[in-house]
Amino acid sequence: MMNHVWIILIVLGVIIGIYSATSDAIHEKTFEARIEAIKSVGSDLTQKSFEMSQLAVNICIEYIGLMALWLGIMKIAQEAGLVSALARLMSPVMRRLFPRIPSEHPAMGAMLMNIAANMMGLDNAATPLGLKAMKELQTLNKEKAVSTNAMVMFLAINTSSVTLIPFSVIAFRATTGSVNPQAILAPAFIATALSTIGGITAARLFQKFSKPPADYYDDHLAGKAIPKDE
Amino acid sequence: MASTLMTTIDVFSQWCIPLIILSITLYAYCRKVKVYEVFVEGAKEGFNVAVMIIPYLVAILVAIGLFRSGRAMDVFESIVKPVTNLINMPPSILPLCFIRPLSGSGARGLMIEIFKEHGPDSFDGLIASCIQGSTETTFYVLAVYFGAVGVRNSRHAVPACLIGDIIGMIASVLICQIWPWRF
């Protein structure tokens, strides 16, 4: 996908650049002025491509320091057990969102840990937990190729971005000269809360109109063994 | 009343990060975590994360730079303006909205280009910050998570997740308009 986007940006950028150079040139009276007009767009494009590649590195040099600071602090939070503390705090809400996942099932724990890690912005730690959660949800699913309501709800929460402090955005604001990089904390928090509520509501509404695949919920409650994944 | 609330939020935003640093380190220290060593370990991870994004950022920033300085961006903005004006969205935000669910590195590059071109504290820059902070790389996450367990029929996952993203984007635009920014 990004291959298409990238080539379109480059091709349109340069071709429309050629077009604007020629149309500039047509409006000029003398031969020299026309040559100058054609040259100027070309030199703009050249300069811009150099400037942008240097900018990418310069921004990242400062970004290294900020990310080192933040991920260092977050690593301490992780070691101190704050991820599981946050997960425990959320478990009453989660049980209501996932009525067909028994609260003692490992799927619930993995989902809670994934969402808690995402809330703290620990992307690297969150992904393996999320994949584990999906595998656990799949064990309760009888039709393995079809997603359950619980999977969709989990992903709706996960992809609505639940990060409490979008530190990476704040860091890039700081590296590009913002006078108050952290000013976006409150508005971004409101926006992300609304997007999460919106995602959950949408998932609940869609659930009403389609039949979920059969699951092992009742078997699990009755204490029967559930066939393990292949 | 409203201004008291805003002052509180203002003060809180300024103190938020130092207080988080204090409470996490102190809590961890009391729980016998080797705070200094663990910090360095996490900071190494941060170093790697930041260095790894450089090549992606070069790719995106150069492409978008060519697109803007060849005046293709002007053409694009004049085409989409009638639509984005409906919710008072600056036209430069629209590409970010389309790329955001598809590519994390692409969206990051577009956000930085908006910061560079309009400034991080401009209206465009603030909206871009809020969108980046309130949405996710939805299609990528769905592909990885469903792919890992072999689910082929995702049912209502795509529309439900995209609705969450769209609400986050519209909310970002509206909140940034009514927010009493103070710099």
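Please read all numbers here as calculations on a predicted model, not as lab measurements.

Caption draft 1: Highlighting the overall build of chain A. From N to C terminus, chain A includes nine helices and zero strands. Of the regular secondary structure in chain A, the N- to C-terminal order runs α-α-α-α-α-α-α-α-α. In summary, chain A has a C-alpha radius of gyration of 26 Å against a globular reference of 17 Å for 230 residues, an excess of more than 25%. The dimensions of chain A, computed from C-alpha atoms along their principal axes, are 90 × 40 × 35 Å. Sorting the 230 residues of chain A into buried and exposed places 51% on the buried side.

Caption draft 2: The arrangement of the side chain of B:Q132 in detail. Inspection of the secondary structure puts B:Q132 in helix α7 (residues 123-134). B:Q132 gets classed as buried once you look at its relative accessible area, which sits at 11%. Those residues in contact with B:Q132 that lie beyond four places of it in its chain are A:V169, B:L96, B:R100, B:A107, B:R108 and B:M111.

Caption draft 3: Looking closely at the interface of chain B and chain A. Each side of the interface is counted separately: chain B has 96 residues, and chain A has 100 residues. For the pair chain B and chain A, the two sides together bury roughly 8100 Å², of which 77% comes from carbon and sulfur. At the boundary of chain B and chain A, one finds six salt bridges. Run the count over chain B and chain A and you get 23 residue pairs in polar contact (both at pLDDT 80 or more).

Caption draft 4: Spotlight on helix α2 (residues 31-79) of chain A. Residues and elements named next belong to chain A. Taking 1.5 Å per residue as the helical rise, α2 with its 49 residues ought to reach 72 Å, and the 71 Å between its terminal C-alpha atoms agrees with that figure. Along α2, the sharpest kink reaches roughly 30°, centred on Y63. A positive phi of about 85° marks G81, the residue just after α2.

Caption draft 5: Looking closely at the nonpolar core. Of all hydrophobic cores here, the largest spans 118 residues; its most connected members are A:F98, A:M134, A:L137, A:F154, A:L155 and A:I157. Here this core takes 16 residues from α2(A), the largest share from any one element. Those residues in contact with A:I157, other than ones at most four positions away along the chain, are A:M94, A:L97, A:F98, A:I115, A:V162, A:T196 and A:I200. Counting six residues, the second-largest nonpolar core is a separate cluster that includes A:A186, B:M6, B:I175 and B:W179.

Caption draft 6: Highlighting the packing of helix α3 (residues 82-97) of chain A against helix α4 (residues 106-119) of chain A. All names here are of chain A. Following both chains from N to C, one finds α3 and α4 inclined at 120°, their axes separated by 8 Å at the closest point. The pairing of α3 with α4 is recorded here as oblique in orientation. At the point where α3 passes α4, the crossing takes the right-handed sense. Touching V83, S84, L86, A87, M90, S91, M94 and R95 of α3 are M108, M111, L112, M113, I115, A116, A117 and M119, all from α4. Tallied by class, the residues present in the contact of α3 with α4 amount to 13 nonpolar, two polar and one charged.

Caption draft 7: Structural context of the environment of A:K224. All names here are of chain A. Positionally, K224 belongs in the segment after α9 (217-221). Residue K224 is classed as exposed on the basis of its relative accessible area, which comes to 53%. Counting along the chain gives 21 residues from K224 to A203, while the straight-line C-alpha distance between them is 30 Å.

Caption draft 8: Main features of the domain arrangement of chain A. What the domain assignment reports for chain A is domain 1 (1-63) and domain 2 (81-230). Centre-to-centre, using C-alpha coordinates, domain 1 of chain A lies 43 Å away from domain 2 of chain A.

Caption draft 9: Just the pattern of salt bridges, in detail. Under the definition given, this model contains 11 salt bridges over all chains. Residue B:E117 is joined to A:K48 by a salt bridge in which the shortest nitrogen-to-oxygen separation is 3.8 Å. Residue B:E117 is found in helix α6 (residues 104-118), and its partner A:K48 is found in helix α2; the two belong to separate chains. A relative accessible area of 35% means that B:E117 is categorised as partly exposed. Across the pair B:E117 and B:R68 runs a salt bridge, and its minimum N-O distance is 3.7 Å. Taken together, the residues span a long stretch of sequence, with B:E117 in helix α6 and B:R68 in helix α3 (residues 54-69) at a distance of 49 residues. Relative accessible area serves as the criterion here: at 13%, B:R68 is assigned to the buried category. Within this structure, A:K48, B:R68, B:E113 and B:E117 form a network of salt bridges that share partners.

Rules behind the numbers
Residues numbered from 1 in each chain as written. Chains lettered and ligands numbered in written order. Predicted model: local features only at pLDDT ≥ 70, side-chain atom pairs only at ≥ 80, totals over all residues. Heavy atoms only, no water. Helix = DSSP H or I, 4+ residues; strand = E, 2+ residues; numbered from the N terminus. Rg over C-alpha atoms; globule rule 2.2 N^0.38 Å. Buried < 20%, exposed > 50% of the residue type's maximum accessible area, 1.4 Å probe, protein only. Contact = heavy atoms within 4.5 Å. Buried area = accessible area lost by both parts, 1.4 Å probe. Salt bridge = Lys/Arg side-chain N within 4 Å of Asp/Glu carboxyl O. Polar contact = N/O pair within 3.5 Å; in protein donor to acceptor, adjacent residues only side chain to side chain. Expected span 1.5 Å × (residues − 1). Bend = angle between axes of the 7 residues up to and from the residue. Core = buried A, V, L, I, M, F, W, Y, C linked by side-chain atoms within 4.5 Å. Axes fitted to C-alpha atoms, helices over the stretch in contact; angles between N-to-C directions. Parallel < 35°, antiparallel > 145°, perpendicular 65-115°, else oblique. Left-handed = near helix turned anticlockwise from the far one by under 90°. Nonpolar A, V, L, I, M, F, W, Y, C, P; charged D, E, K, R; others polar. Domains from an automatic or database assignment.

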